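Structure assessment
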Amino acid sequence: MMKSYATTAGSWIELSTSALKRNIAYLKKRIGKGSHFVSVVKGNAYGHGIEDYVPLVERCGVRRFAVSDATEAERANRVRTEGMAIMIMNHIDHADLAWAVERGISWYVFDLERLDASIETAKRLGKRASIHIEVETGFNRTGFRPVEMERVIERCRHNADVLDIAGVCTHFAGAESIANYYRIQEQRRVFNEVRAQWEASGLRPSAYHVASSAAALTYPETTMDLVRFGIAQYGFWPSTETRVQNMMNGETSFSKDPLVQVLTWKSRVIAMQYVRTGEYVGYGTSYLAQRPTQIAVIPVGYCHGFGRSLSNLGHVLIRGHKAPVIGMVNMNIITVDVTAIPGAESGDEVVLIGKQGRHRITVSSFSDLANYVNYEMLIRLPSELPRFVVD
Ligand SMILES: *Cc1c(COP(=O)(O)O)cnc(C)c1O
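Reading guide: rules and limits
Residues numbered from 1 in each chain as written. Predicted model: local features only at pLDDT ≥ 70, side-chain atom pairs only at ≥ 80, totals over all residues. Heavy atoms only, no water. Helix = DSSP H or I, 4+ residues; strand = E, 2+ residues; numbered from the N terminus. Buried < 20%, exposed > 50% of the residue type's maximum accessible area, 1.4 Å probe, protein only. Contact = heavy atoms within 4.5 Å. Areas by Shrake-Rupley, 256 points an atom, 1.4 Å probe, with all protein chains shown as cover. Lys, Arg positive; Asp, Glu negative; His and termini not counted. Charge placed at Lys NZ, Arg CZ, Asp CG, Glu CD. Core = buried A, V, L, I, M, F, W, Y, C linked by side-chain atoms within 4.5 Å. Phe/Tyr/Trp six-rings, centres within 6.5 Å; stacked < 30°, edge-to-face > 60°. Near = heavy atom within 4 Å. Polar contact = N/O pair within 3.5 Å; in protein donor to acceptor, adjacent residues only side chain to side chain. Nonpolar A, V, L, I, M, F, W, Y, C, P; charged D, E, K, R; others polar. Patch = residues over 30% accessible without salt bridge, like charges linked within 9 Å, V, L, I, M, F, W, Y side chains within 5 Å. Salt bridge = Lys/Arg side-chain N within 4 Å of Asp/Glu carboxyl O. Pairing = 2+ DSSP bridges.

**Section: the overall build of the protein**
Across its full length, the protein carries 13 helices and 18 strands. When each of the 391 residues of the protein is scored for burial, the buried share is 54%. Taking all contacts inside the protein whose residues are at least 6 apart in sequence as the whole, residues at least 24 apart take part in 65%. Surface summary for the protein: the accessible area is close to 17500 Å², and the carbon and sulfur share equals 51%. A gap of 6 Å separates the mean positions of the 45 positive and 40 negative side-chain charges of the protein.

Structure, rendered in structure tokens:
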């Protein structure tokens, strides 16, 4: 794949179609035919890039997307094809509701003000507003409390001519950790009570949905009508605990991970330096060459999400070998030791996250080192970096 990227960007991201296909096939198999796959693309598609990722997911047969706010919905909307659903799980200004109605975009409603604004907007436009009623079941973030539900149902019934109840939903407070087991069970109990109220109302919401990746992979009963898959579709387990649980209960094998990372982050060596014994490398005195050392310079730094905590600690891959980061991570530059890599030269491809030869640098190893979890690490990948879809 030849592209003219390196001159401006310094590094770029490749998205693997085959990896994504595998992940989606695996996750669809896990949730079964009765439940729809929703691709959560908030946070710039977890750093993968909304504009590149949404069309790719579509090609893999997914027809529903979820975003956090209206700005992300706008970006997804520009690249989606006709008939693809978008739901906004968090913020949209009342002033933007008309925009969403016109485009058939649905949104979460978690207070009466927004419910009224939704009804008012739909009436004004003479079109139906498609809404998801979010229930507060114990997460204590957003959602109607169960005591408010009768009132909500009444108001929805009253305005049934302008409302599509696309969903009744909630979100769990950390299904990726067994420590939250009882809290999750309590949330399920509360949700099921609210669900019974809706079922008795005769209003027939199109979907009941509660599960994210961790919930779907840990508590199969939570998959309901659709699952909002974030992290798992990108090829990551929500936590090591989730992975281990799935191995223990025989869902996944110990040796082969059914999830494959979709993203590879690459760069190139832009300069080589030969350093003599006793010389320092980079800012300050954090690295002193103990022997003659061949150094490669790479145009990536903490402004791209390559954390300063990886100074003298992280690795990259060059010519299929691991090259340790030496010295401080700069804003736009890192230096790595390539003394042991025969033939390393300027122009060599560098893998910062992903596979090269027999080695792999996973986001998780990277984030353990840099002290942030996969989610945060991915999302720090700058949106300006070019993304390329590969096979
Ligand atoms: C982010 C998010 C998800 C997806 O979570 P993952 O753990 O990445 O699968 C699902 N639902 C809601 C409401 C979210 O905010």
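**Details of the nonpolar core**
A general feature of soluble globular proteins is that nonpolar side chains tend to end up buried together. Counting residues in hydrophobic clusters, the biggest one holds 119 residues, and the most contacted among them are I133, W198, W265, F306 and I318. Per-element tally for this core: the top contributor is helix α2 (residues 17-31), with six residues. In contact with I318, not counting residues within four places along its chain, are V269, A296, I298, A323, V336, V338, I341, D348, E349, V350 and Q356. In this structure, V275, V281, A289 and I326 belong to the second largest nonpolar core, which totals six residues.

**Considerations on the packing of aromatic side chains**
For the structure on display, the rule yields seven aromatic pairs. Between Y181 and Y219 the ring centres are 6.1 Å apart and the planes differ by 40 degrees, which places this aromatic pair in the tilted class. Of this pair, Y181 sits in helix α9 (residues 181-201) while Y219 sits in the loop between α10 (213-218) and β9 (226-229); the two residues are 38 residues apart in sequence, bridging distant segments of the chain. Residue classification places Y219 among the buried residues on the basis of a relative accessible area of 5%. When the ring of W265 is compared with that of F306, the centres are 6.4 Å apart and the planes differ by 55 degrees; the resulting orientation is tilted. Of the two residues, W265 sits in strand β10 (residues 263-268) while F306 sits in the loop between β12 (293-298) and β13 (315-318), which places them 41 residues apart along the sequence. Accessibility classification places W265 together with F306 in one group, the buried group. An aromatic cluster is defined as three or more aromatic residues linked by ring pairs; in this entry it consists of Y46, Y53, Y234 and Y375.

**Examining the site of the ligand**
Around the ligand, the surrounding shell consists of V40, K42, Y46, M89, R141, H171, S212, S213, R228, G230, I231 and Y375. One of the side-chain N or O atoms of Y46 is found 2.5 Å from an oxygen atom in the ligand. Within the contact set of the ligand, an oxygen atom lies 2.9 Å away from a backbone nitrogen or oxygen of G230. Across the shell around the ligand, the residue classes break down as five nonpolar, four polar and three charged.

**So, a nonpolar patch on the surface**
On the surface, I178, Y181 and Y182 cluster together into a nonpolar patch covering about 350 Å² of accessible area. I178 sits in the partly exposed class, given a relative accessible area of 44%.

**Details of the pairing of strand β16 (residues 349-356)**
Counting buried positions along β16 gives six out of eight residues, so the element sits mostly inside the fold. Of the strand pairs in this sheet, β13 and β16 are connected by two bridges, and their pairing is antiparallel. Along β16, the bridge assignment pairs I318 with V350. Joining the antiparallel neighbours β16 and strand β17 (residues 359-361) is a turn of two residues, in which G357 adopts a positive phi near 60 degrees.

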